[in-house]
Amino acid sequence: MWYAIIAEDNENSLELRKVTRPAHLQRLEALRDEGRLLIAGPHPAIDNSDPGPAGFTGSLVVAEFDSLDAAQDWANHDPYLDAGVYARVTVKPFNKVLP
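Rules used in this analysis
Residues numbered from 1 in each chain as written. Predicted model: local features only at pLDDT ≥ 70, side-chain atom pairs only at ≥ 80, totals over all residues. Heavy atoms only, no water. Buried < 20%, exposed > 50% of the residue type's maximum accessible area, 1.4 Å probe, protein only. Helix = DSSP H or I, 4+ residues; strand = E, 2+ residues; numbered from the N terminus. Arc of directions from axis to C-beta. Salt bridge = Lys/Arg side-chain N within 4 Å of Asp/Glu carboxyl O.

Draft legend 1. Quick look at helix α2 (residues 68–76). Listed in full, the buried residues belonging to α2 are A71, W74 and A75. An end-on view of α2 places all buried positions within 100° of arc, on one side of the element.

Right under this line is the structure:
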């Protein structure tokens, strides 16, 4: 089943994001390579795909896992969470309807 992992950043987390990004992307690329990643990306803090120093307010990952517990476990080990980029992470089942 698909699961939405919705993360909200701590304020002023941009520098931590930059430092931790390679480890964060490595886990996402592993999901992609396994064919389990539907979509992933950050939420810019301003209405611009490159928010510059405004940074980001969080991230969204939609990926396939065997269970809600497995999705939660994966989310609990995100380098952004460990580094303090994320203030909170919510994991919910997701039904893909379109496209």
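Draft legend 2. Highlighting unusual backbone geometry. Cis geometry marks the peptide bond from L98 to P99; its omega dihedral reads -10°. Mapped onto the secondary structure, P99 falls in the segment after β4 (86–94). The phi dihedral of N12 falls on the positive side, at around 55°, and the residue is not glycine. On the secondary structure map, N12 appears in the loop between β1 (2–9) and α1 (14–33). Classification of N12 by relative accessible area gives exposed; the value is 78%.

Draft legend 3. Inspection of the pattern of salt bridges at higher detail. Scanning the model with the defined rule gives six salt bridges in all. Taking the shortest distance from any N to any O, the salt bridge between R88 and E8 comes out at 3.4 Å. Here the residue R88 occupies a position in strand β4, and E8 occupies one in strand β1, the gap between them amounting to 80 residues. The exposure class of R88 is partly exposed, given its relative accessible area of 46%. A salt bridge links D9 to R17, with the shortest nitrogen-to-oxygen separation between them at 2.7 Å. Accessibility assignment for this pair places D9 and R17 in one class, buried.

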